[in-house]
Amino acid sequence: MSSRPTVTRQEVYRWECGRRVPKLWLPYLAAALEVPLSTLEKAVALPAVTTNRKLDELLPPPLDLPVEHGPRRAIDRQAADHLLARACALRFADDVVSGKDLIGPAFRELDAAVTVMNGSRFTERVGKQLLTAVGELAQIAGWIASDAGQHRRAEETYLLGMSAARDAGDPVLTAQLAICLGYQFSNTGREAEGVELAEAALREAGPETPPRARALFWDRIAWTHTKAGDAQAAMRALGAAAEALAQHELEDEPPWVYWLSEDELRIMDARVFTELARPLRAVPILVETLAAYDTAHTREHMLYTSWLAVAYCDANEPEAAAETALRMLLASADLGSDRIRERTRVVLRKLEAHQGIPEVDAVTEVARALGVS
């Protein structure tokens, strides 16, 4: 006589952390969630997502500046370079850590840089480097705050960074901060302001902007026009972004453009096509690009997957949309990202039009079981 398998609390924890797949338990989980067993089997057959690394592994050691009483301590270029390195490390951390998990460390880094700036003495050259470090830290901290849903804090941080970047005489960094803020405006109901700010930022950056930075700016401008409902302007901006990236060679460029590639531009193309209800153009790009996308970047991977689910809905392929949505739900349920939660709501609303189809109803039940709505 066979006995029913037992499970420990530790084993459930391993499932939740993605360390182990509950293959033996899939029939029981399907019954408990009231979803088809085949749905869960498809989900666990997907490529595994790499577990996030610890933040301490991604950041360099803290800057050693002991508190001194009396005159301000003189600091040199090495201290400024260290702060710039910490901004770079935060950007890499943001690739694999969601906003709510990273926001505390990010603002500690920014506050420390401002403290160094205000409490030290330095040469004019070092001062410009410090201002650049404050600007770069403000940019990534603002981005992280936005991902965590703290939009007012993000806006204030971007403005602080813009002030520092201007004082440093760095129009390209100033434009990056302004365009990030415009991008946030476009995603939070301030579409006209988003367009205006993004285009003003591009003008401020000037003609000497390195190609990849210019491509990034045009990419973000395309999105602001898309959210404002101006399809023609969005398509022109996408073309300008591709043209700018094609000019990229080995020129000096800001460190914050490291991630921009042809594939990332293609994904933005597909996002724009999806928002403009052109799924036949969006789906092939997303399917091809996501198949090769680094799954260690879980948040971005699942954000882009959400646009694929929406595009499938618009193409009247509800079964494919449901399978894609389920993949997103299971991989991103515990991510501390406000953008993920908002995109999940968008996908679930899209699927409502296809209620009654078994695969779609199964996604709805999984979302309910996960507490997602």
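Going by the structure above, here's the rest.
Rules and cut-offs
- Residues numbered from 1 in each chain as written.
- Predicted model: local features only at pLDDT ≥ 70, side-chain atom pairs only at ≥ 80, totals over all residues.
- Heavy atoms only, no water.
- Helix = DSSP H or I, 4+ residues; strand = E, 2+ residues; numbered from the N terminus.
- Buried < 20%, exposed > 50% of the residue type's maximum accessible area, 1.4 Å probe, protein only.
- Contact = heavy atoms within 4.5 Å.
- Areas by Shrake-Rupley, 256 points an atom, 1.4 Å probe, with all protein chains shown as cover.
- Salt bridge = Lys/Arg side-chain N within 4 Å of Asp/Glu carboxyl O.
- Polar contact = N/O pair within 3.5 Å; in protein donor to acceptor, adjacent residues only side chain to side chain.
- Axes fitted to C-alpha atoms, helices over the stretch in contact; angles between N-to-C directions.
- Parallel < 35°, antiparallel > 145°, perpendicular 65-115°, else oblique.
- Left-handed = near helix turned anticlockwise from the far one by under 90°.
- Nonpolar A, V, L, I, M, F, W, Y, C, P; charged D, E, K, R; others polar.
- Core = buried A, V, L, I, M, F, W, Y, C linked by side-chain atoms within 4.5 Å.

## A closer look at the overall build of the protein
In step 1: A tally of helices and strands in the protein yields 18 helices and two strands.
In step 2: Of all 373 residues assigned to the protein, the portion counted as buried reaches 49%.
In step 3: Taking as baseline every contact in the protein between residues at least 6 positions apart, the subset at least 24 positions apart corresponds to 68%.
In step 4: Total accessible area computed for the protein in this model is approximately 18,500 Å², and 51% of it derives from carbon and sulfur atoms.

## Regarding the pattern of salt bridges
In step 1: A complete count under the given rule lists 22 salt bridges for this structure.
In step 2: For Glu 109, the salt bridge goes to Arg 86, with nearest N and O atoms at 2.4 Å. Of this pair, Glu 109 sits in helix α6 (residues 99-118) while Arg 86 is found in helix α5 (residues 77-96), placing the two residues 23 residues apart along the sequence.
In step 3: As a salt-bridge pair, Glu 342 and Arg 349 come within 3.8 Å of each other at their nearest N and O atoms.
In step 4: With a relative accessible area of 46%, Arg 349 lands in the partly exposed category.
In step 5: What emerges from the salt-bridge pattern is a single network uniting Asp 94, Asp 147, Arg 299, Glu 300 and Arg 339.

## Quick look at the side chain of Arg 271
In step 1: Within the secondary structure layout, Arg 271 lies in helix α13 (residues 262-275).
In step 2: Within the structure, the side chain of Arg 271 is placed 3.0 Å from the side chain of Tyr 183, a separation counted as a polar contact.
In step 3: Beyond its immediate chain neighbours, meaning those up to four positions away, Arg 271 contacts Tyr 183, Trp 223, Tyr 304 and Trp 307.

## Remarks on the packing of helix α10 (residues 191-205) against helix α11 (residues 211-227)
In step 1: Direction vectors running N to C along α10 and α11 enclose 160°, while the axes themselves pass 8 Å from each other. In terms of their interaxial angle, α10 and α11 are classed as roughly antiparallel. In the packing of α10 onto α11, the handedness of the crossing is left-handed. Of α11, the residues touching α10 (which contributes Glu 191, Gly 194, Val 195, Ala 198, Glu 199, Leu 202 and Ala 205) are Phe 217, Trp 218, Ile 221, Thr 224, His 225 and Lys 227.
In step 2: For the contact of α10 with α11, the per-class residue count stands at seven nonpolar, three polar and three charged.

## Thoughts on the nonpolar core
Side chains that are nonpolar tend, in soluble globular proteins, to be buried together.
In step 1: Leu 130, Phe 217, Trp 256, Leu 351 and Val 363 are the most contacted members of the largest nonpolar core, which has 105 residues in total.
In step 2: Counting residues per element, this core draws most heavily on helix α7 (residues 124-147), which supplies twelve residues.
In step 3: Leaving out residues up to four positions away in the same chain, Leu 351 has contacts with Cys 313, Ala 321, Ala 322, Ala 325, Val 360 and Val 363.

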